[in-house]
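# Chain and residue survey
Residues per chain, in single letters:
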Amino acid sequence: MSKPGSLMCIDAGNTLVKWCLHVGANVRFEQPSAFFSRATADFKPFSDAFGPVQEHLAPSLNSASAVQAVLLSNVLGPDFEQAVRAMCEGAGVPLHVLAVNRHAAVQSAYENPAALGKDRWSACMALTEVSQAKVNLLVSFGTATTLDVVIKSTHWQHLGGFIVPGVETMLHSLHFNTAELPKVQLGGFSEKAWPVSTQQAIGQGVGRMQKAMVDSVAAQLQDEHGVPPAIWLTGGFAPAMKVHLPNSSLLEHAVFKGLVLDYRLAKKGTEA
């Protein structure tokens, strides 16, 4: 039987390393009890990440009482994982690292499951806990925009998905790779109104491209399965894009939610 206690969840992503505290494995994740983030660049080079991990992450671990485990979703490679593991060993707290296809009830069709981004997989895990739909499209608007298809038959299955440049990546690219195009924010857009300034042309154009990608995948899923998919949005630009995808639902804190679910299922497996 596992000991009661809080969980420290870490989402080590391409742009930010985010971490939070959660009340416990037996409680579904809704909102973090404490939340922190640092730029991923602050932990480079990852081969020497132990110092930054101790500086930025360890205080949260040491300040919380009775941490049962540290949960890690990591796309930064083995050196960063080893730095987190050393932190946990120093604190006497076990490290639980997210792994794809650990549970028979949720499986990915990826050719090499280990190559699937752990943040994508964790978000897919979170979707299975809340969705009542058989056909789902999960869109994460981060540094990259990822679109993952998750369906329910005899079990939950991740069929695969797409990766395209994210909103901020597109806006940044147009600004820094051209001579005079300005850096603008994602703009609202209307299919009935033409952009009448360069700022509108960029902001609305990027938003429209992102929406078109979602719409095209959703249309393909409807053709293949005979029903429109439930569309779920997560990531930093999800609230802004939801305005343009009114039939979608927000899945906030998806990576953290998936981490807690993965840990809870793993503990049930070991205690069965």
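For the structure itself, look to the data block above.
What counts as what
Residues numbered from 1 in each chain as written. Predicted model: local features only at pLDDT ≥ 70, side-chain atom pairs only at ≥ 80, totals over all residues. Heavy atoms only, no water. Helix = DSSP H or I, 4+ residues; strand = E, 2+ residues; numbered from the N terminus. Rg over C-alpha atoms; globule rule 2.2 N^0.38 Å. Buried < 20%, exposed > 50% of the residue type's maximum accessible area, 1.4 Å probe, protein only. Contact = heavy atoms within 4.5 Å. Polar contact = N/O pair within 3.5 Å; in protein donor to acceptor, adjacent residues only side chain to side chain. Expected span 1.5 Å × (residues − 1). Pairing = 2+ DSSP bridges. Core = buried A, V, L, I, M, F, W, Y, C linked by side-chain atoms within 4.5 Å.

This part covers the overall build of the chain. In terms of regular secondary structure, the chain is built from 8 helices and 11 strands. Relative to the 2.2 N^0.38 estimate, which gives 19 Å for 272 residues, the radius of gyration of the chain is 20 Å and therefore close to what a compact globule would have. Residue burial in the chain is summarised as follows: out of 272 residues, 46% are buried. Within the chain, counting contacts between residues at least 6 apart in sequence, those at least 24 apart form 57% of the total.

Relative to the assigned elements, V53 resides in helix α1 (residues 50-56). Separated by 12 residues in sequence, V53 and A41 place their C-alpha atoms 12 Å apart. For V53, the contacting residues outside a window of four places in its chain are F43, A58, F80, A83, V84 and M87.

In this section: the side chain of K211. Positionally, K211 belongs in helix α6 (residues 198-225). A polar contact of 2.7 Å, which involves the side chain of K211, links it to the side chain of D215.

Moving on, we get to unusual backbone geometry. Following K44, the chain continues into P45 via a peptide bond in cis, with omega recorded as -5°. A positive phi angle is found at H253, which is not glycine, with a value near 55°. Turning to its location among the elements, H253 is positioned in the loop between β11 (249-250) and α8 (254-271). Residue classification places H253 among the partly exposed positions, given a relative accessible area of 26%.

Our focus in this paragraph is helix α4 (residues 118-130). The terminal C-alpha atoms of α4 lie 19 Å apart, and with 13 residues this matches the ideal 18 Å at 1.5 Å per residue to within 8%. Counting buried positions over the 13 residues of α4 gives 11, a clear majority of the element. Turning to α4, its buried residues are K118, R120, W121, S122, A123, C124, M125, A126, L127, T128 and E129.

The next subject is the side chain of T40. Mapped onto the secondary structure, T40 falls in the loop between β3 (34-39) and α1. Among the polar contacts made by the side chain of T40, one reaches the main-chain amide nitrogen of L16 at a distance of 3.1 Å. Among all residues touching T40, those that are not within four sequence positions of it are G13, N14, T15, L16, V17, F46 and L76.

Right, let's get into the pairing of strand β1 (residues 6-12). Of all the 7 residues making up β1, 7 are buried; the element is thus mostly covered by neighbouring parts of the structure. Pairing between β1 and strand β4 (residues 67-74): 7 bridges, direction parallel. By the bridge assignment for β4, L7 is matched with A69.

Within the largest apolar cluster, 29 residues are counted, with the highest numbers of intra-cluster contacts made by L71 and W121. Here this core takes 7 residues from α8, the largest share from any one element. Once residues lying within four places of it in the same chain are set aside, the contact partners of W121 are L98, A99, V100, N101, V106, Q107, S108, L116 and H158. Judged by nonpolar contacts, the second largest core, of 25 residues, contains A12, W19, V67 and F80.

This brings us to the pairing of strand β10 (residues 230-234). For β10, the buried fraction is high: 4 of the 5 residues fall into the buried class. Pairing between β10 and β11: 2 bridges, direction parallel. Residue W232 lies in a different strand from β11, and its bridge partner there is S249.

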